Amino acid sequence: MESRLEFIRLLQAGGIGMAALCRRFGISRQTGYVWLRRYDGEDPDSLKDRSSRPHHSPNRTPAALEARILELRDQHPWGGRKLARRLRDQAVADVPAASTITAVLRRHDKLAPPPPRTPPASRRFERATPNELWQMDFKGHFALRQGRCHPLNVLDDHSRFLLCLAACADETAASVQAQLTAAFRRYGLPQALLCDNGSPWGGSGAEGFTALEVWLLRLGVGVLHGRAYHPQTQGKVERLNRSLVAEVLVGGRLADLAACQQRFDGFRRVYN
């Protein structure tokens, strides 16, 4: 403030032009004229910095639409893209861009600030058409009030359509085969299935193949395994597991497998 007042006093005293005085103070002539225009000798705060926020924002998201976005976010822990799609599915008028919805969520502390930009950890891939490749995995099992649940996920690599989300009582080949049989009858046979190296599809069976792999190969379904200790190979199904935890497995413990399957079916409808 003292520097700005000195600038005004020297300018009003005369003898030094605006351009030369601005060079001496290290400011642009535009800034010098702004200070001169704002200066009011009777108001000591007239030279303080002012907010550049506009008085009117005609393009701001309407308050009612912001409230609808926040209401939907409270129901589902989704980001801007999913919320935008859901609003369009609900025939909401003038749905803003996903980036605008993300900004609304951050403004209301519903999202953390964006992380610093880093190069991608691995190369992305996606098959060209549905049923070229399915990804399959058991999400870590968890306790119920009666027994334990072993969630089996089967996801189409191209469309990310969730083909199967089953609340299994164990992780045996028989349980997986029963669920895959139902999925094959409904959606057709994939060209290949991608899974990790764990039981029951991995491990050391006869001639290097497990019983489940032999059954799949006889059906003409190729079997692929991700690299050991490299879950990025199955990034899509791993990302699905994160959504499953956030939207279904938080809160109180579920009663039994039937109650768990009911929750899974509701999640699968919304997810797809």
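Residues numbered from 1 in each chain as written. Predicted model: local features only at pLDDT ≥ 70, side-chain atom pairs only at ≥ 80, totals over all residues. Heavy atoms only, no water.

### Describing the packing of aromatic side chains
To be explicit about the condition: Two rings belonging to Phe, Tyr or Trp (six-membered ring only in the last case) form a pair when the distance between their centres is within 6.5 Å. Interplanar angles under 30 degrees mark stacking, angles over 60 mark edge-to-face geometry, and anything in between is tilted. Helix and strand definitions follow DSSP, with helices as H or I runs of at least four residues and strands as E runs of at least two, each counted in order from the N terminus. Three exposure classes are used, based on accessible area relative to the maximum for each residue type with a 1.4 Å probe and protein chains only: buried under 20%, partly exposed in between, and exposed over 50%.
The final tally for this structure, using the stated rule, is 7 aromatic pairs. A centroid spacing of 5.9 Å and a plane angle of 25° characterise the contact between phenylalanine 184 and tryptophan 215, whose relative ring orientation is stacked. Of this pair, phenylalanine 184 sits in helix α7 (residues 173-187) while tryptophan 215 is found in helix α8 (residues 211-218), placing the two residues 31 residues apart along the sequence. For the pair phenylalanine 184 and tryptophan 215, one class covers both residues: buried. Taking the centre distance of 5.6 Å and the plane angle of 35° together, the rings of phenylalanine 267 and tyrosine 271 count as tilted. Here tyrosine 271 and phenylalanine 267 lie together in helix α10 (residues 257-271), a separation of 4 residues that amounts to about one turn. By way of ring pairs, the aromatic residues Phe7, Phe25 and Trp35 are connected into one cluster.

### Considering the side chain of histidine 150
Just so we agree on the cut-off: In protein, a polar contact means a hydrogen-donor-capable atom and an acceptor-capable atom, both N or O and within 3.5 Å, with residues adjacent in sequence counting only if both atoms are side-chain atoms; elsewhere, any N or O pair within 3.5 Å suffices. Contacts: residue pairs with any heavy atoms within 4.5 Å of one another.
Within the secondary structure, histidine 150 sits in strand β3 (residues 148-156). One polar contact links histidine 150 to glutamate 171, side chain to side chain, over a distance of 2.9 Å. Not counting residues within four places of it along the chain, the set of residues in contact with histidine 150 comprises Phe138, His141, Ala166, Ala167, Cys168, Ala169, Asp170 and Glu171.

### Focus: a positive patch on the surface
So the rule is basically this: Without a salt bridge and with relative accessible area above 30%, a residue can belong to a patch; like charges are then joined within 9 Å and nonpolar side chains (Val, Leu, Ile, Met, Phe, Trp, Tyr) within 5 Å. All accessible-area figures derive from a Shrake-Rupley calculation using a 1.4 Å probe, and residue coverage is judged against the displayed protein chains alone. When a carboxyl oxygen of Asp or Glu is within 4 Å of a side-chain nitrogen of Lys or Arg, the pair counts as a salt bridge. Charged-residue counts in this description rest on Lys and Arg as positive and Asp and Glu as negative, His and the chain ends being excluded. By convention, charge coordinates are those of NZ in Lys, CZ in Arg, CG in Asp, or CD in Glu.
Together, Arg81, Lys82, Arg160, Arg239 and Arg242 make up a region of like positive charge exposed at the surface. Counting only elements with at least two residues in the positive patch, the list comes to α5 (80-89) and α9 (235-247). Looking at the secondary structure, you find arginine 242 in helix α9.

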